[in-house]
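# Architecture and fold: a report
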Amino acid sequence: MGSNVNRRWLLAARPSGNLKDSDFQLDTQPMPEPGEGEFVIKVTHLSFDPTQRGWIGGDTYLPAVKIGEVVRAGGAGEVVASKNPNFPVGMKVQGAVGWQEYCLTDGKGWWPTVPLHPGLSPELALGLFGTTGITAYFGLLDIGQPKAGDVVLVSGAAGATGSVVGQIAKAMGCTAIGIAGGKTKCDWVVETAGFDACIDYKSEPVAKRIRELAPKGVNVVFENVGGEILDAALANLALKARVILCGGISSYNAASAAEIQGLKNYMQLTVMRARMEGFIVLDYAARFGEAAQALGKWMAEGKVKSIEDVQEGFENIPATLRRLFEGKNFGKQLLRL
Ligand SMILES: NC(=O)c1ccc[n+]([C@@H]2O[C@H](COP(=O)([O-])OP(=O)(O)OC[C@H]3O[C@@H](n4cnc5c(N)ncnc54)[C@H](OP(=O)(O)O)[C@@H]3O)[C@@H](O)[C@H]2O)c1
């Protein structure tokens, strides 16, 4: 298999507040050997997702990663040893591989291992055609139900999910307005991701700018950030607006509930007869193929593109997770081992 050891990043402490180096610990183990029904994946790519902060912080929609366990992560790689006929040596796969160089698995669990679709690079499989694109697709279409001509407001617009949401909205004939941090990101959201406009929440009054850009209100809000940004969106709803609560990254590093910014404008949901609904992409597992087909069609038509931000190196894994919370990533955050 080319190596005798398996390097792994373990959870060393339950994080509180911003992530620290001391929350993770490097560990070296002998190369795992597959038992009956098992196989070993040489990990080549890792996906970085804000939800990982939740997984290591405590119980969420999945049980918390325990102290001393390999940090949970999705990724892709190649089977290098196998006692499972469904996953022969040489097969390219994706699944829950974790922060390690070699993953021993039976392929089952909350995120089962599946072969990489032939013709899809690991970057595409983990990005546009992975949970990122699928989250954007089902959140926007199923919950947001956009119609041509609607105004769609997207927070976290320069991120993985947000940048795909805006592109889908444009492909469906909507106006896409983004919210992102900093001028460079806002320029990128318009020029590279193709939104109609983008508001810099770090230097502009967000609620006022939404009002200027969408004087009749916004029909769909795709919320990735929460807190003050969601409040600014709620202040600008159109009648019967749909607010998709995809995520609230502004609160993920909060050390306690007291640090989380509550909502002041929620009664606008009543005034505007609007609806706010959350979802978890895993709920749509049975329909993932539908999203992949639609995204593939839009990509072939040049309407939606995959935008990835690929870091390098096993040593840089914890720092790469922090990039999401420091706003350093443009598009989907990945790392190549
Ligand atoms: N419901 C689901 O099933 C599901 C599935 C996938 C993702 N999500 C959620 O979708 C959201 C986006 O995830 P992603 O994977 O696409 O990540 P991402 O947007 O690529 O990366 C995170 C971005 O969030 C912004 N951010 C970080 N801290 C912030 C803060 N305090 N205030 C405002 N913005 C902040 C940063 O952009 P700026 O530089 O612009 O600040 C950063 O680049 C997350 O909330 C995630 O939990 C939900």
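Residues numbered from 1 in each chain as written. Predicted model: local features only at pLDDT ≥ 70, side-chain atom pairs only at ≥ 80, totals over all residues. Heavy atoms only, no water.

### A closer look at helix α10 (residues 317-325)
α10 sits mainly inside the fold: 7 of its 9 residues count as buried. Along α10, the residues that are buried comprise I317, P318, T320, L321, R322, R323 and L324. Looking at the packing, one finds that the buried side of α10 touches β1 (5-11), β2 (24-30), β3 (39-47), α1 (51-57), β14 (308-312) and β15 (332-336). At the exit of α10 stands G327, carrying a positive phi of roughly 65°. (Buried < 20%, exposed > 50% of the residue type's maximum accessible area, 1.4 Å probe, protein only. Helix = DSSP H or I, 4+ residues; strand = E, 2+ residues; numbered from the N terminus. Contact = heavy atoms within 4.5 Å.)

### Focus on the packing of helix α3 (residues 131-144) against helix α9 (residues 288-300)
The N-to-C vectors of α3 and α9 enclose an angle of 95°; their axes lie 9 Å apart at closest approach. Between α3 and α9, the angle is such that the two are roughly perpendicular. Each of G133, I134, Y137 and F138 in α3 lies in contact with α9, whose residues at this interface are F288, E290, A291, A294, L295 and W298. The residue makeup of the contact of α3 with α9, split by class, is 8 nonpolar, 1 polar and 1 charged. (Axes fitted to C-alpha atoms, helices over the stretch in contact; angles between N-to-C directions. Parallel < 35°, antiparallel > 145°, perpendicular 65-115°, else oblique. Nonpolar A, V, L, I, M, F, W, Y, C, P; charged D, E, K, R; others polar.)

### Structural notes on the domain arrangement of the chain
Where interface size is quoted, it is often the accessible area lost as the parts come together. Per the domain assignment, the segments of the chain are domain 1 (5-127 + 306-336) and domain 2 (131-283 + 292-298). The interface is formed by 20 residues belonging to domain 1 together with 19 residues belonging to domain 2. Here domain 1 meets domain 2 over a buried area of about 1,600 Å², counting both sides, of which 62% is carbon and sulfur. Of all residues in domain 1, the largest losses of buried area upon contact with domain 2 belong to I307, F325 and F330, amounting jointly to 32% of the total for that side. Along the contact surface separating domain 1 from domain 2 lie 7 residue pairs in polar contact (both at pLDDT 80 or more). (Domains from an automatic or database assignment. Buried area = accessible area lost by both parts, 1.4 Å probe. Polar contact = N/O pair within 3.5 Å; in protein donor to acceptor, adjacent residues only side chain to side chain.)

### Some words on the environment of V221
Within the secondary structure, V221 sits in strand β11 (residues 218-223). Between the C-alpha atoms of V221 and I56, which are 165 residues apart in sequence, the distance is 28 Å. Leave out the neighbours within four places in its chain, and V221 touches L153, A233, L237, R242, V243 and I244.

### Describing α3
Burial analysis of α3 places 11 of its 14 residues in the buried class, which makes it a mostly covered element. For α3, every residue scored as buried is listed here: T132, G133, I134, T135, A136, Y137, F138, G139, L140, I143 and G144.

### Quick look at the packing of α3 against helix α4 (residues 160-171)
Following both chains from N to C, one finds α3 and α4 inclined at 50°, their axes separated by 8 Å at the closest point. Judged by the inter-axis angle, α3 sits oblique to α4. Along this stretch, α3 crosses α4, giving a crossing that reads as right-handed. Facing α3, whose interface residues are T132, G133, T135, A136, Y137, L140 and L141, α4 presents A160, T161, V164, V165, I168 and A169. Taken together, the residues that form the contact of α3 with α4 break down as 9 nonpolar, 4 polar and no charged. (Left-handed = near helix turned anticlockwise from the far one by under 90°.)

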